[in-house]
Amino acid sequence: MAGSSFPDFVEYVGLIDHHVHGAFHADGDEARFQNALNEGNTESLAKPEDTYNTQLGIAIRCWCSGILDLPRHASAADYWSRRSELGELEVSRRMTRAAGVSDWLIDTGLDTADYLGPAGMADVSGGRTHEIIRLEVVAEQLIQKIANPADYAEEFGQRLQNLALNAVGFKTVLAYRAGFDQNLSRPAPAAVAESARRWQENLGTGTIAKLTDVTLMAHGIHTAVSMKLPLQFHVGFGDRDLDLHKTNPLYLLDFLRSAEVRDTPIMLLHCYPFEREAGYLAHAFENVYIDVGLAVNFTGSRSRNLVARSFELAPFSKILYSSDAFGPAELHYLGARLWRNAIAKVVGGWIDDDDWSEADARRIVQLIAHENARHVYPLP
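Every residue gets a number counted from 1 within its own chain, in the order that chain's sequence is written. Per-residue local features of the predicted model are confined to residues with pLDDT of at least 70, and side-chain atom pairs are confined, for both listing and counting, to 80 or more; whole-chain, interface and lining totals are unaffected and use all residues. Hydrogen atoms and water are omitted, and side-chain values are computed over all heavy atoms in the structure.

Is there a simple way to think about the side chain of His370 in this case?
Counting from the N terminus, the helices are the DSSP runs of H or I reaching at least four residues and the strands are the DSSP runs of E reaching at least two. Counting through the fold element by element, His370 comes out in helix α17 (residues 358–376). Any two residues having at least one pair of non-hydrogen atoms within 4.5 Å are treated as being in contact. His370 has contacts with Val13, Gly14 and Ile16, leaving out every residue within four places of it along the chain.

In structure tokens form, the structure reads like this:
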């Protein structure tokens, strides 16, 4: 077995969750909780109880029951009963504090009345919070207010610059809106203005302001790149709006090869089932970083294999921890719990086999747990 001190070290190493969303703040029914445990779903589940019969559902009853003062592997009925008794805010407080996270980098693009914002997350967790700006939300707010679409490029840049004063990075959901198999070169100003004009005209017909125009998304991405803050890309696994085969990060090769991108950290989030392709990109490009957040929760007891694959090719200075938790605070805790379990088992095994020294293991775990995030993001 790995030295007895290594599992303890892993258990207490501090984490920076570099991509996460707010936890629920108000009580809800069991169907809401169950629905939130299905990432591929965007509407009420026909059989919500099926979410308990998944790797995630079993992992929650295994690892989260104790946080709620229940025995390990509590039944789904007992788990929900105790959860309801405590109330959502108390569950959120317990789970987020048990995660051992010092800093939460929150994508506020999904900020609604049902979820804690940065201030609320800081209050329940006792940790620090920092904002990640979602580019598509900025565009969708702008197009509804701008008087002249010809001014879109300038106005977008100014808005993003102002927002960046209180943020630590940007994020794009290009993967959902169009996929990566697109021309992501910087568009000409005239093309941006024309796309903005068409979009605004369509809004007059009652269309919801949802950005799907690749020209405007590419413009937003290049505007963000010019500001040199880390730019996050959702990659791989997501809900049913996403065409999974178009989210392979290898489609981003031309974009990554462009000279203007090289000085901006590009953060490939989640990556499953393309974690090996993402690892190659982190290996090949100095400014590319990866994580396997989101899928760690959903793969449950198989997550140690996922974490191990993420350690295959990417330099250890290019891997970060994240949970991508959203809604039930069990996900904020479980992401950390399963990551620690994987590190103790996988890296501990390498120590046992004398493939790694414990000194190297400790150094690398600290890089991934928090030091890489502090290097990439402008955190206080």
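Is there a simple way to explain a nonpolar patch on the surface in this structure?
Like-charged residues within 9 Å of one another, or nonpolar side chains (Val, Leu, Ile, Met, Phe, Trp, Tyr) within 5 Å, are grouped into patches, provided each residue has over 30% relative accessible area and no salt bridge. The protein chains shown are the only cover counted for residues, whose accessible areas, like all others here, come from Shrake-Rupley with a 1.4 Å probe. By convention in these notes, a salt bridge is any Lys or Arg side-chain nitrogen within 4 Å of a carboxyl oxygen on Asp or Glu. Among the surface-exposed residues, Leu250, Tyr280 and Leu313 lie close enough to one another that they form a single nonpolar patch of about 250 Å² accessible area. Structurally, Leu313 is set in the loop between α15 (303–310) and α16 (330–352). For every residue, the accessible area obtained with a 1.4 Å probe (protein chains only) is divided by the maximum for its type, and the residue is called buried under 20%, exposed over 50%, and partly exposed between those limits. Look at Leu313 and you get partly exposed, because its relative accessible area is 42%.

Even after reading the chapter, I still don't get the packing of helix α7 (residues 135–143) against helix α10 (residues 189–203), so can you show me in this structure?
Each pair of packed helices can be described by the angle between their axes along with the distance between the axes. Under this scheme, a helix contributes an axis fitted over its contacting stretch, all axes are lines through C-alpha atoms, and angles between N-to-C directions fall in the 0 to 180 degree range. Packing of α7 against α10 leaves a shortest axis separation of 10 Å and a crossing angle of 65°. The angle between α7 and α10 places the two elements in the roughly perpendicular class. As α7 runs across α10, the sense of the crossing is right-handed. Listed contacts from α10 to Ala139, Glu140 and Ile143 of α7 are Ala196, Trp199, Gln200 and Leu203. Orientation is classified from the angle alone, with under 35 degrees giving roughly parallel, over 145 giving roughly antiparallel, 65 to 115 giving roughly perpendicular, and any other angle giving oblique. Two helices that cross are described as forming a left-handed crossing if the nearer one is turned anticlockwise from the farther one by less than a right angle, and a right-handed crossing if clockwise.

Help me out: how do you make sense of α16 in this one?
Within an α-helix, residues lying three or four positions from one another point in the same direction, as the helix has 3.6 residues per turn. Here α16 contains 23 residues, and its C-alpha end-to-end distance of 32 Å stays within 8% of the 33 Å for a straight helix at 1.5 Å per residue. Positioned one or two residues after α16, Asp354 has a phi angle of 65°, which is positive. Between the first and last residue of a helix there are one fewer steps than residues, each counted as 1.5 Å, and that sum is the expected span.

Can you help me understand the sheet that holds strand β6 (residues 266–270) in this one?
Strand pairing in a sheet takes place through backbone hydrogen bonds and is either antiparallel or parallel in direction. Between any two strands, at least two bridges found by DSSP are needed for them to pair. Taken together, 7 strands build an open sheet; the order of strands is β1-β2-β3-β4-β5-β6-β7 and the sheet is parallel. The open sheet is flanked by β1 (15–20) and β7 (288–290), the only strands paired with a single partner. Between one strand and the next, the sheet's axes are offset by a mean angle of 25°, whatever the strand orientation. Running over the sheet, α7 touches β3 (128–134), β4 (169–172) and β5 (231–235) and is turned about 60° from β3.

Just to check I follow, could you spell out a negative patch on the surface for this structure?
The charge count treats Lys and Arg as positive and Asp and Glu as negative. His and the chain ends do not count. Charged side chains are reduced to one point each, which is NZ for Lys, CZ for Arg, CG for Asp and CD for Glu. Residues Asp352, Asp353, Asp354 and Asp355 make up a contiguous surface patch of negative charge. As for its position among the elements, Asp353 is in the loop between α16 and α17. For Asp353, a relative accessible area of 55% gives the class exposed.

When you look at the pairing of β6 in this model, what are you seeing that I'm missing?
Put simply, side chains in a regular strand alternate between the two faces of the sheet. Across the 5 residues of β6, 5 count as buried, placing the element largely inside the fold. Direction of pairing for β5 relative to β6: parallel, over a ladder of 5 bridges. When the bridges of β6 are listed, Gln232 appears paired with Met267. In the sheet, β6 pairs with β7 via 3 bridges, with the strands oriented parallel. Directly across from Leu268, in β7, lies its bridge partner Ile290. Handedness of a crossover: with both strands directed away from the viewer, a clockwise path from the first strand across the helix to the second marks it as right-handed. One crossover worth recording links β6 to the parallel β7 by way of helix α13 (residues 275–284), and it is right-handed.

Just checking my understanding: could you explain helix α6 (residues 118–125) for this structure?
Every buried residue of α6 is accounted for by Met121, Val124 and Ser125. The buried side chains of α6 occupy one side of the element, clustering within an arc of 90° when seen end-on. In α6, the exposed residues that point more than 90 degrees away from the buried face are Ala119 and Asp123. Elements that come into contact with the buried residues of α6 comprise α5 (88–98), β2 (101–107), β3 and α16. The arc in question is the one traced by the directions running from the helix axis out to the C-beta atoms.

Got a minute to help me understand the nonpolar core in this structure?
Nonpolar side chains in soluble globular proteins tend to be buried together. Core analysis: the largest hydrophobic core is formed by 110 residues, its most contacted members being Tyr152, Phe170, Phe233, Leu268 and Trp339. Ranked by residue count, the leading element in this core is α16, at 10 residues. For Phe233, the contacting residues outside a window of four places in its chain are Thr172, Leu174, Phe180, Ile221, Leu252, Phe255, Ile266, Met267, Leu268 and Leu269. Residue types Ala, Val, Leu, Ile, Met, Phe, Trp, Tyr and Cys, when buried and joined through side-chain atoms within 4.5 Å, form a set referred to as a nonpolar core.

In short, shape yes, function no, at least from these values alone.
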